[in-house]
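A closer look at the structure
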There are 2 protein chains.
Amino acid sequence: MDNTKYLRKVIIDKVLGDEIVEVEDVTIEEARLNVYLNGNKAISMMCIPLDQEAHALGFLMSENIISSLDDVEEIILSEDGLRVDIKAAVDEDSLENLYKEKTLVSGCGGGVTGNISGSVEVPFNQTSFVIRPEIISKEVKKFYDQSELYTLTGCVHKAMIYLEDGTTITSEDIGRHNAIDKVVGKCKLQGLDTTKSVLFVSGRLSSEMVVKAVMHRVPIIVSRTAPTFLGVQTAHNHGLTLIGFARGKKMNIYTHQGRINEK
Amino acid sequence: MDNTKYLRKVIIDKVLGDEIVEVEDVTIEEARLNVYLNGNKAISMMCIPLDQEAHALGFLMSENIISSLDDVEEIILSEDGLRVDIKAAVDEDSLENLYKEKTLVSGCGGGVTGNISGSVEVPFNQTSFVIRPEIISKEVKKFYDQSELYTLTGCVHKAMIYLEDGTTITSEDIGRHNAIDKVVGKCKLQGLDTTKSVLFVSGRLSSEMVVKAVMHRVPIIVSRTAPTFLGVQTAHNHGLTLIGFARGKKMNIYTHQGRINEK
């Protein structure tokens, strides 16, 4: 199987201590897969568009909507790979229950992606806020040194807002989206300005994580791990500086490098 | 702040190579927080019940449902800490859009938790399938050695079903839930029996990951990282053997130890 077709090239600025070099890097594809059940849209999922039929069937079986392959008449994948049509006998109660409960589980961003790609107009972030790479490196270190619940359980994500005056606000949760919502909520409750700040997160930067930063006009988002290609695109389109793989004195700047200033 | 109140003790069997010892371990609390907006239920979130007011406000602002703290009249947290009531001026379009889009983002399990805790009756898993700990250790190693997209991008989760005859089926995705749905879907499409199998996953075992194993009658779930307390409880209640921190020849068995047999 050729998995490389799900990789997308990006040009990044790689910070290596005092040096910054432009290099080619690779990110993973992230796309919206639409699942139709007996002609009606059942759900969309942000995912790697790979094994789509198995994904749609497995999800519907996990939800008890389809109970056996014997109940499936046909599964058809569209030519562009972004739509699966399933004809099957379904459990109507479970199908209805899928949204009635309105429960977001850990790591879940719900309708976020819908909101930014749909009805909400989000202006391009033009803030002139800049920061030196050493400060980011120093804050990443503190971010991980001071994670109490993670140290104890190995089961939490963390988010931190670094404000212009050097103070920081932090939150922890089982879900990486929850951690962001909590830390932004704390700032708002205290009347703090997030338009000149850096958001540090412990999780990967998939599109909906990036969208949260965009929605709150945070100009810079930093993670010690990887972004998806859609995450990079979203940051690019909305004026967000996206930094991944921030470890020690190294980091990868994927978008809007101007805010990371050595002076 | 006393974060230790969010920790829950569990008694586990710790496998250390050839030796198994019973020890006390600690897991993180995971609970359902209900958010009410102007008297109506807006959403539930599986999370650590900590900073609940900030969490609810931050989420609703991330979704563009509330645009400023000035629009908020009051935020009240219930005595048990599991319900937040917000009175606020809201953007009705964004509120409606929250569920209309029906998009699950990476790492999102949607209505799963609703389904198992609600209308669906899932029998206790009584399968007599047993496996030796050495086989689990060997398969965990293979599981990580053979993760191509992860190696290339650092941005994917993986799931693998190990069948009774020693064959394995794998899937990768940006979302840990998606990876499980895909691998189970592959098994179902091939008519393979998952009632005598082990599900290996790269992510943490929060409740909705455990629920997926339960729904598909998989008897054993293994991760190299941590479960939540609710994950452990769910496994306990449904007859699932839950193994966390499977690394090298070590692993922690949290529930239904009988299936891990040294003979």
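Here the structure is a predicted model, which is why all the values come from computation and not from measurement. (Residues numbered from 1 in each chain as written. Chains lettered and ligands numbered in written order. Predicted model: local features only at pLDDT ≥ 70, side-chain atom pairs only at ≥ 80, totals over all residues. Heavy atoms only, no water.)

**Focus: the overall build of chain A**
Scanning chain A from N- to C-terminus turns up eight helices and 13 strands. A compact globule built from 263 residues should have a C-alpha radius of gyration of about 18 Å, and chain A, at 20 Å, falls within 12% of that. For the C-alpha atoms alone, the extent of chain A along its principal axes is close to 65 × 40 × 40 Å. Looking at chain A as a whole, 61% of its 263 residues qualify as buried. Just so you have it, chain A exposes about 10400 Å², and 46% of that area is on carbon and sulfur atoms. (Helix = DSSP H or I, 4+ residues; strand = E, 2+ residues; numbered from the N terminus. Rg over C-alpha atoms; globule rule 2.2 N^0.38 Å. Buried < 20%, exposed > 50% of the residue type's maximum accessible area, 1.4 Å probe, protein only. Areas by Shrake-Rupley, 256 points an atom, 1.4 Å probe, with all protein chains shown as cover.)

**Let's talk about the sheet that holds strand 8 (residues 157-163) of chain B**
Residue and element names in this part refer to chain B. Taken in spatial order, the eight strands line up as 2-1-13-12-11-10-8-9 in an open sheet, and their pairing is mixed. Either end of the sheet is taken by a strand with one partner, and the two such strands are strand 2 (19-28) and strand 9 (168-173). Taken pair by pair, the neighbouring strands of this sheet meet at an average axis angle of 25°, ignoring direction. Relative to strand 9, strand 8 runs antiparallel, the two being bridged by six bridges. Residue pairing in the sheet places Tyr 162 in a bridge with Thr 168 of strand 9. The strands touched by helix 4 (residues 133-145) are strand 1 (7-16), strand 8, strand 9, strand 10 (197-201), strand 11 (220-223), strand 12 (241-247) and strand 13 (250-253); relative to strand 8, the strand with the most contacts, the crossing angle is about 140°. (Pairing = 2+ DSSP bridges. Axes fitted to C-alpha atoms, helices over the stretch in contact; angles between N-to-C directions. Contact = heavy atoms within 4.5 Å.)

**Side note on the layout of surface pockets**
Taken as a whole, the largest pocket holds about 1200 Å³ of empty space. Lining the largest pocket are 43 residues, with Tyr150(A), His157(A), Ser202(A), His157(B) and Ser202(B) sitting closest to its centre. Take the lining of the largest pocket: its biggest share by element is four residues, from helix 5 (residues 148-153) of chain A. Across the lining of the largest pocket, the residue classes tally to 13 nonpolar, 19 polar and eleven charged. (1 Å grid on protein atoms, 1.4 Å probe; cavity = no way out; pocket = protein on both sides within 12 Å on 5 of 7 lines; lining within 4 Å. Points joined across faces, edges and corners; volume = space filled by probe spheres on them. Nonpolar A, V, L, I, M, F, W, Y, C, P; charged D, E, K, R; others polar.)

**Structural notes on the packing of helix 1 (residues 52-62) of chain A against helix 6 (residues 176-189) of chain B**
Taken N-terminus to C-terminus, the directions of helix 1 of chain A and helix 6 of chain B make an angle of 100°; their axes are 7 Å apart at the nearest point. Classed by the angle they form, the pair helix 1 of chain A and helix 6 of chain B counts as roughly perpendicular. Along the contact surface, helix 1 of chain A presents Glu53(A), Ala54(A), His55(A), Leu57(A), Gly58(A), Phe59(A), Met61(A) and Ser62(A), while helix 6 of chain B presents Asn178(B), Asp181(B), Lys182(B), Gly185(B), Lys186(B), Lys188(B) and Leu189(B). Taken together, the residues of the contact of helix 1 of chain A with helix 6 of chain B sort by class into five nonpolar, five polar and five charged. (Parallel < 35°, antiparallel > 145°, perpendicular 65-115°, else oblique.)

**Remarks on the sheet that holds strand 11 (residues 220-223) of chain A**
Residue and element names in this part refer to chain A. Pairing in this open sheet of eight strands is mixed, and the strands run 2-1-13-12-11-10-8-9 from one edge to the other. The strands lining the two open edges of the sheet, one partner per strand, are strand 2 (19-28) and strand 9 (168-173). Neighbour-to-neighbour, the strand axes of this sheet turn through a mean angle of 25°, independent of strand direction. Bridge analysis of strand 1 (residues 7-16) against strand 13 (residues 250-253) gives four bridges, and the strand direction is antiparallel. Across the sheet, the residue bridging to Val 15 is Met 251, located in strand 13. Here helix 8 (residues 229-238) sits on the sheet and contacts strand 1, strand 2 and strand 12 (241-247); the angle it forms with strand 1, its principal contact strand, is near 65°.

**Things to note about the side chain of His216(A)**
Mapped onto the elements, His216(A) comes out in the loop between helix 7 (207-215) and strand 11. Using a relative accessible area of 3% as the deciding quantity, one classes His216(A) as buried. Polar side-chain contacts of His216(A) include one of 2.8 Å to the side chain of Ser62(B). Aside from chain neighbours lying at most four places away, what touches His216(A) is Val184(A), Lys188(A), Thr194(A), Gly58(B), Met61(B) and Ser62(B). (Polar contact = N/O pair within 3.5 Å; in protein donor to acceptor, adjacent residues only side chain to side chain.)

**A short note on the environment of Tyr36(A)**
Residues and elements named next belong to chain A. Following the sequence through the fold, Tyr 36 ends up in strand 3 (residues 31-37). On the accessibility criterion, Tyr 36 (18% relative accessible area) is buried. C-alpha separation for the pair Tyr 36 and Ile 86, spaced 50 residues apart in sequence, amounts to 6.1 Å.

**Quick word on the pairing of strand 8 of chain B**
Looking along a regular strand, one sees the side chains alternate between the two faces of the sheet. All names here are of chain B. Of all the seven residues making up strand 8, seven are buried; the element is thus mostly covered by neighbouring parts of the structure. Side chains His 157, Ala 159, Ile 161 and Leu 163 project from strand 8 onto one buried face, and the interleaved Lys 158, Met 160 and Tyr 162 project onto a second face that is buried too. Counting the residues in the hairpin turn of strand 8 and strand 9 gives four residues, including Gly 166, whose phi is positive at 95°. Across five bridges, the pairing between strand 8 and strand 10 is antiparallel. Directly across from Met 160, in strand 10, lies its bridge partner Phe 200.

**Here's the deal with helix 7 (residues 207-215) of chain B**
When you tally the buried positions in helix 7 of chain B, you get nine out of nine residues, the bulk of the element. Arg217(B), located one to two residues past helix 7 of chain B, shows a positive phi value of around 55°.

**Some details on the side chain of Asp51(B)**
The residue Asp51(B) is located in the loop between strand 4 (40-47) and helix 1 (52-62) in this model. The contact partners of Asp51(B), leaving out residues within four places of it in the chain, are Ser171(A), Lys182(A) and Lys186(A).

**Let's talk about helix 6 of chain B**
Taking 1.5 Å of rise per residue, 14 residues should cover 20 Å, and helix 6 of chain B covers 20 Å from first to last C-alpha, within 8% of that figure. In the stretch just after helix 6 of chain B, Gly191(B) is the one whose phi turns positive, near 70°. (Expected span 1.5 Å × (residues − 1).)

**A look at the confidence of the model for chain A**
The pLDDT averaged across chain A works out to 87; a share of 90% of its residues lies at or above 70. For the stretch residues 106-115 of chain A, pLDDT sits under 50, and the model shows 42 contacts to residues farther than four places along the chain or on other chains. (pLDDT = per-residue confidence, 0-100.)

**Focus on the packing of aromatic side chains**
In the structure shown here, the tally under the stated rule is four aromatic pairs over all chains. Aromatic side chains Phe143(B) and Phe200(B) sit 6.3 Å apart centroid to centroid with 35° between the ring planes, which places their arrangement in the tilted category. Residue Phe143(B) is located in helix 4, and its partner Phe200(B) is located in strand 10; the two are separated by 57 residues in the primary sequence. A single burial state applies to Phe143(B) and to Phe200(B), both of which are buried. By the ring-pair criterion, three or more aromatic residues cluster together here, those being Phe143(A), Tyr144(A) and Phe200(A). A cation over an aromatic ring shows up here: Arg224(A) above the ring of Tyr144(A), its NZ or CZ 5.0 Å from the ring centre. (Phe/Tyr/Trp six-rings, centres within 6.5 Å; stacked < 30°, edge-to-face > 60°. Lys NZ or Arg CZ within 6 Å of the ring centre and 35° of its normal.)

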